[in-house]
Amino acid sequence: GCLGKNIHVWDLRTMEPQFVPVRAHDAEINCLSLSACGTLLATGGADNRVKVWGVSDSGLTEMACFTGHEDIVWGVALSADGGTAASSSLDGTVRVWRVAGSNGEDDARGG
């Protein structure tokens with residue numbers, strides 16, 4: 001993310017783009033988190049959404065899109081195993097989402 005709606009990925013060895021940028025959100029991307037194994041990427045945006053992407057040598061694949069925040073998503077993190085994402089929003093909530101086999105979300109409200 002680069003204060004835009006697209007995800008850009010670079011090869012850090014060559015400093016060249018790894019593949020074509022991906023349109024990720026309908027508004028600016030505010031935060032992102034890469035899983036420990038490097039195969040999942042979570043993004044949060046000004047469109048109030050959290051998205052989880054599969055990362056491979058050929059590009060990014062959208063795996064999940066979570067809605068439920070009522071304002072801009074300002075923080076996102078992935079668990080060590082990639083099965084859970086957590087997000088925080090300007091709406092005063094922190095939400096925990098099940099990424100793999102997801103049937104919904106657990107919600108922890110903050111003030």
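Presented here is a report on the structure given in the accompanying data block. (Residues numbered from 1 in each chain as written. Predicted model: local features only at pLDDT ≥ 70, side-chain atom pairs only at ≥ 80, totals over all residues. Heavy atoms only, no water.)

1. A short note on the overall build of the protein
Rules: Secondary structure is summarised from DSSP: a helix means a run of H or I of at least four residues, a strand means a run of E of at least two, and numbering begins at the N terminus for each. Working definition of accessibility: Shrake-Rupley area with a 1.4 Å probe, residue cover restricted to the visible protein chains.
Helices and strands together make up the secondary structure of the protein, namely zero helices and twelve strands. For the protein, the N- to C-terminal ordering of α and β elements is β-β-β-β-β-β-β-β-β-β-β-β. Taken as a whole, the protein presents about 6,200 Å² of accessible surface, with 52% of it coming from carbon and sulfur.

2. Some details on the sheet that holds strand 7 (residues 50-56)
This is how the line gets drawn: For two strands to be treated as a pair, DSSP must find no fewer than two bridges joining them. Axis geometry follows a simple rule: fit a line to the C-alpha atoms, using only the stretch in contact for helices, then measure angles between N-to-C directions, giving values from 0 to 180 degrees.
Spatially, 5-6-7-8 is the arrangement adopted by the four strands of the open sheet, whose pairing is antiparallel. The open sheet is flanked by strand 5 (29-34) and strand 8 (59-66), the only strands paired with a single partner. Strand-to-strand, the axes of this sheet are offset by a mean angle of 25 degrees, without reference to chain direction. With five bridges joining them, strand 6 (residues 40-45) and strand 7 adopt antiparallel strand pairing. Bridged to leucine 41 within strand 7 is tryptophan 53.

3. Description of the pattern of salt bridges
Quick reminder of the rule: The salt bridge criterion pairs a side-chain nitrogen of Lys or Arg with a carboxyl oxygen of Asp or Glu, the two atoms within 4 Å. Burial classification: accessible surface area is computed with a 1.4 Å probe over protein chains only, and a residue below 20% of its type maximum counts as buried, one above 50% as exposed, and the rest as partly exposed.
Summed over the entire model, instances satisfying the criterion amount to two salt bridges. With a shortest N-O distance of 3.2 Å, aspartate 26 and arginine 49 are connected by a salt bridge. Highlighted residues: aspartate 26 in the loop between strand 4 (22-23) and strand 5 and arginine 49 in the loop between strand 6 and strand 7, separated in sequence by 23 residues. Note on aspartate 26: relative accessible area 53%, which makes it exposed. Of the charged contacts, one joins lysine 51 and glutamate 62 as a salt bridge, the two residues approaching to 3.7 Å between their closest N and O atoms. With a gap of eleven residues between them, lysine 51 in strand 7 and glutamate 62 in strand 8 connect regions that are remote in the sequence.

4. Comments concerning the pairing of strand 9 (residues 73-78)
Pairing geometry for strand 9 and strand 10 (residues 84-89), over five bridges, is antiparallel. Counterpart to leucine 78 in the pairing with strand 10 is alanine 85. The hairpin formed by strand 9 and strand 10 contains five residues between the paired strands, and glycine 82 there has a positive phi angle of roughly 75 degrees.

5. Structural notes on the environment of threonine 84
Stated formally: The contact definition used throughout considers only heavy atoms, calling two residues in contact when any of these lie within 4.5 Å.
With respect to the secondary-structure elements, threonine 84 resides in strand 10. Each residue touching threonine 84, except ones within four places of it in the same chain, is listed here: Ala77, Leu78, Ser79, Val96, Trp97 and Val99.

6. Some thoughts on the nonpolar core
Soluble, globular proteins show a tendency: their nonpolar side chains are buried together. Note the following rule: Put simply, buried Ala, Val, Leu, Ile, Met, Phe, Trp, Tyr and Cys residues joined by side-chain atoms within 4.5 Å make one nonpolar core.
Counting 13 residues, the largest nonpolar core has Val50, Val52 and Phe66 as its most contacted members. Of all the secondary-structure elements, those providing two or more residues to this core are strand 6, strand 7, strand 8 and strand 9. Sort the elements by how many residues they give to this core and strand 9 lands first, with three residues. Apart from the residues within four sequence positions on either side, valine 52 is in contact with Leu40, Leu41, Ala42, Thr61, Glu62, Met63, Ala64, Phe66 and Val99. Counting residues in each nonpolar core, the second largest holds eight residues, with Phe19, Ala24, Ile29 and Leu60 among its members.

No statement about biological role is implied by the geometric values presented.
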